[in-house]
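What the coordinates show
Spelled out from the first residue to the last, the chains are:
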Amino acid sequence: MFLRGRPITMYIPSGIRSLEELPSGPPPETLSLDWVYGYRGRDSRSNLFVLRSGEVVYFIACVVVLYRPGGGPGGPGGGGQRHYRGHTDCVRCLAVHPDGVRVASGQTAGVDKDGKPLQPVVHIWDSETLLKLQEIGLGAFERGVGALAFSAAVSWGAFLCVVDDSNEHMLSVWDCSRGMKLAEIKSTNDSVLAVGFNPRDSSCIVTSGKSHVHFWNWSGGVGVPGNGTLTRKQGVFGKYKKPKFIPCFVFLPDGDILTGDSEGNILTWGRSPSDSKTPGRGGAKETYGIVAQAHAHEGSIFALCLRRDGTVLSGGGRDRRLVQWGPGLVALREAEIPEHFGAVRAIAEGLGSELLVGTTKNALLRGDLAQGFSPVIQGHTDELWGLCTHPSQNRFLTCGHDRQLCLWDGESHALAWSIDLKETGLCADFHPSGAVVAVGLNTGRWLVLDTETREIVSDVIDGNEQLSVVRYSPDGLYLAIGSHDNVIYIYSVSSDGAKSSRFGRCMGHSSFITHLDWSKDGNFIMSNSGDYEILYWDVAGGCKQLKNRYESRDREWATYTCVLGFHVYGVWPDGSDGTDINSLCRSHNERVVAVADDFCKVHLFQYPCARAKAPSRMYGGHGSHVTSVRFTHDDSHLVSLGGKDASIFQWRVLGAGGAGPAPATPSRTPSLSPASSLDV
C-alpha cells in the first residue's frame, strides 16, 4: 500500500491462501440514526420551535432533530427523536410555516470530498413525513443562509424571506409553492441576525443585526419571478442610545414591534404616518418610531418570544434571566438559568405553561417560570476527539476541547455526569472492569477516574506533548499511553485499576503515535504513527520492538482500532493522503468495521477488509470531520463524534445479529432484535 508515495508493507496471515477468498461487497449490517446528542446554541439563532404535533424542532450539524418530550421509545421521561437528514452541510437556521407542519431549514456552503463547493440552499419539508417538498435558492445564496422566515398564511400557502451570509447580506423573497424568487435586494454590509414578516401585513419585512433595524416594504411581483420591489426605511433611534447589536425582535398583536438589544433594553417601535417629504420609492404608507424603552437585562438580550396569552418573554445573555412582560412592559415574573447551562439563546412555547429554552452551552431545557428548568438535551460546546464505550453497559464517555469529560447513558439518552478536566481531553478508555476510566490530555498528563464517585485516583505526566491514545490490555493488567513525543508508555495496573506503576517504554517510532491495539493474550501491541508506520511490540518481554513484522501476521488482536493493517487495508480510498481516516473500530463480534473519515461520513465495511477500494455503506449527518467511532459492548449501537460541530450520534446497528463470520453477500433478510424493531 502507498500513502503519499510511501510504501507500507502488510503481511498476509498464513491462513489466507488468496485475497479472492475474503468477503466482498458491503456488509449485511446497516446503521439507523437512533439519537443525536447536542443542540447548536453556541453560535446560531432561529434554532428552536415547537410544531403542531408538540414535537420540538432544532438542529445540530447537518441534522434537524424533531424531539418528542417525555415518554416514547426513549424510556420514562426520555422522549423520542426523529431526524430530517436531507442537508449536505451544517444547518444554520430554521423557520416553521404557520400551519405548524412545514419547516424551512437553511444550510451553509461547504465542500465535498473532492474539494468542490457545495452551494447553500433552503429545504422546505414536511415534518410529518420528513419528505422534502421544495429546494429553494440553489445557486442564489453566497456562503450560507443566515436567517429566514415564513409569512403569515395566504390562500395558497406562504412566502419565505431569506438573508444570506454574503458581504451585502442579500434579502430575497420567495414563492414557497413554486420555489420562485419574487424579489431581491442588497440588505446591508453589517451582519444580519434576524428577519421576519409582519404577521398582519406580509408586505412588511423587518431585519435587525449589527447597529441597525430595517423596515422593508415589499410590493408587486407575486407570481412573477424577480418582478417585486423591496424598499428600506432605517429605524431611527433619535434620543435613545444606538446599540451595537439588535439580535432579536417580535411582533405584537396591536402592530407594534419589540426589539431586544445588546444594551439590555427592550424598545417598542410603533407605527406612525409616513413623512410626506420622504415617501420612499416603494410608497410605504407607514413608518416606525420608538415609543417606549424598558431596561430589561444586564448585558445583551438574545431572545424574545410572544406567548399565546399575549405576554412576552425575554432571555438574557450575561444575566441568564428569563423575564415575562405584561402590557406596557411591566415585569410579571422571572427565572434564572443555572450558570453551567450558559446564556439564553432561544425560547419556544410548549404545551400549557411549558417553555423550551435553548442555551449558548448547547443545552435544551424544559420547564416553566414557577418550577424552574431541567435539561432534556445536552451536548459539548467545542471540538470532540475522545470516545470510549463501557465494557458491559450501554454507556460511553466523551471529551474534547471544551475540557468537559462526559459520561452518557445510551439507554435513557441522557448525560449521566460531567466534570471539568481544566485541560483539553483527547482520548479515553475504560478499564475492563468498568470501575475506572483513563483520560489522556493535551499536555502529556493523564488521569484515572473512578466512574462512580468521579474522583481522580491517579494523576500522572508523561512528557510535555499531547496524548493521542490510551488503551488498557484485555486482562486489565497493563495500560498503554501513546504520545506525540513518539513514545508508548506502559504501566502495570492493579486489579481494580486504581493504582499503576511505570513498567516500561516502547521507543522506536519516528513520528507521533496515532493508534494502538493489544493482542488477545495481553502480551503484544500493534501501533500506528503519523508517518504511517506499523510497528509491533513485545510488552511482556520488556517493551521490545519486534523487528521481524512477518512473525506477527497471525497474531489475534483484542481490538482493532489501528487504521493501518492488513485486515483494514481496503477501507482506504483511492489516492488518499493518509489523513483521510481519523478513526476505525472493529465490532466485538468481528463481523464489521466502522470508519470515521475526514469528509463528514461514517462508513461500515465487512471485516476483514483487505480488498483494495472495498465497498461500504456510507452515512452522513455530521457537519465536520468525524473524529472517532466505537461500538457499544454488545455491538447493538455505534457511537460517532463530529469534530468541530461538537455532535454525538448514536446509531443503531440493524441486521445480521448473532456471532460468527459475516456472509460474503447481503442477500438474506436481516433479522432484527427487539430493540431494533422501532426502526423497521
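What you are looking at is a predicted structure, and each value in this text was computed from that prediction instead of being measured. Each residue is numbered by its place in its chain's sequence as written, counting from 1. Where totals are concerned, whole chains, interfaces and linings use all residues; where local detail is concerned, this predicted model gives features only for residues with pLDDT of at least 70, and gives and counts side-chain atom pairs only at 80 or more. Side-chain numbers come from the whole structure's heavy atoms, not from hydrogens or water.

1. Some words on the UniProt feature "repeat: WD" (unreviewed entry) in the chain
The UniProt feature table records "repeat: WD" (unreviewed entry) at residues 377-409, 506-539 and 619-653. Segment residues 506-539 splits into 0% helix and 56% strand. End C-alpha atoms: 8 Å apart. The distance from the first to the last C-alpha atom of residues 619-653 is 12 Å, and the span holds 0% helix and 54% strand. UniProt positions are given in the numbering used here, feature names are shortened, and annotations may be inferred rather than shown by experiment. A run of H or I in DSSP becomes a helix once it reaches four residues, and a run of E becomes a strand once it reaches two; helices and strands are each numbered from the N terminus.

2. Notes on the packing of aromatic side chains
Here is the rule: rings of Phe, Tyr and Trp (six-membered ring for Trp) pair when centre to centre is within 6.5 Å. Planes less than 30 degrees apart are stacked, more than 60 are edge-to-face, and the remainder are tilted. Per the counting criterion, the structure on display carries 20 aromatic pairs. Pairing Phe649 with Trp651 gives two aromatic rings, centres 5.8 Å apart and planes at 65 degrees, and the pair type is edge-to-face. Each residue's exposure class comes from its accessible area (1.4 Å probe, protein chains only) as a fraction of the maximum for that residue type: buried when under 20%, exposed when over 50%, partly exposed otherwise. Judged by relative accessible area, Phe649 falls into the buried class, the value being 0%. For Trp651, a relative accessible area of 0% gives the class buried.

3. Let's talk about the sheet that holds strand 50 (residues 581-586)
Here the rule is simple: two strands pair whenever DSSP picks up at least two bridges between them. One open sheet holds the four strands; their spatial order is 50-51-52-53, and the pairing between them is antiparallel. Edge strands, defined here as strands with exactly one partner in the open sheet, are strand 50 and strand 53 (617-619). For this sheet the average axis-to-axis angle between neighbouring strands, irrespective of direction, equals 20 degrees. The pairing of strand 51 (residues 592-597) with strand 52 (residues 602-606) spans five bridges and is antiparallel. Directly across from Ala596, in strand 52, lies its bridge partner Val602. Between N-to-C directions, angles cover 0 to 180 degrees, with each direction set by a line fitted to C-alpha atoms, over the stretch in contact for helices.

4. Observations concerning empty space enclosed by the protein
A 1.4 Å probe that fits into a set of points on a 1 Å grid over the protein atoms alone but cannot get out defines a cavity; an open set with protein on both sides within 12 Å along at least five of seven lines defines a pocket, and lining residues are those with an atom within 4 Å of a point. Grid points are joined across faces, edges and corners, and a volume is the space filled by probe spheres set on the points. Throughout the structure, instances matching the rule amount to one cavity of 30 Å³ or more. In this model, the largest cavity occupies a volume close to 130 Å³.

5. Remarks on the domain arrangement of the chain
For the chain, the assigned domains read domain 1 (2-30 + 380-654) and domain 2 (86-234). The distance between the C-alpha centroids of domain 1 and domain 2 comes to 43 Å. The split of the chain into domains comes from an automatic or database domain assignment.

6. Comments concerning the UniProt feature "domain: EML-like second beta-propeller" (unreviewed entry) in the chain
Using the residue numbers shown here, the UniProt feature "domain: EML-like second beta-propeller" (unreviewed entry) corresponds to residues 384-653. In residues 384-653, the share of helix is 0% and the share of strand is 49%. The end C-alpha atoms are 23 Å apart.

7. Overview of the layout of surface pockets
Considered as a void within the structure, the largest pocket measures approximately 1400 Å³ in volume. In terms of lining residues, the largest pocket is bounded by 45 residues, among which Phe49, Val96, Val250, Leu304 and Leu306 are the most central. Put simply, the parts of the chain that give the lining of the largest pocket at least two residues each are strand 4 (48-50), strand 8 (91-96), strand 14 (145-150), strand 18 (192-198), strand 22 (248-251), strand 26 (301-306) and strand 30 (344-349).

8. Structural notes on the pattern of salt bridges
Here a salt bridge means any side-chain nitrogen of Lys or Arg lying within 4 Å of a carboxyl oxygen belonging to Asp or Glu. On inspection of all chains with the given rule, the structure shows 32 salt bridges. For Glu20, the salt bridge identified is with Arg611, shortest N-O distance 3.7 Å. Here Glu20, found in the loop between strand 2 (6-7) and strand 3 (30-37), pairs with Arg611, found in the loop between strand 52 and strand 53; they are 591 residues apart in sequence, far enough to count as distant. When the shortest N-O distance is used, the salt bridge between Arg502 and Asp462 registers 2.6 Å. Of this pair, Arg502 sits in strand 45 (residues 500-507) while Asp462 sits in the loop between strand 41 (456-461) and strand 42 (467-472), placing them 40 residues apart in sequence. With a relative accessible area of 42%, Arg502 lands in the partly exposed category. The network of salt bridges with common partners includes Lys520, Glu556, Arg586 and Glu590.

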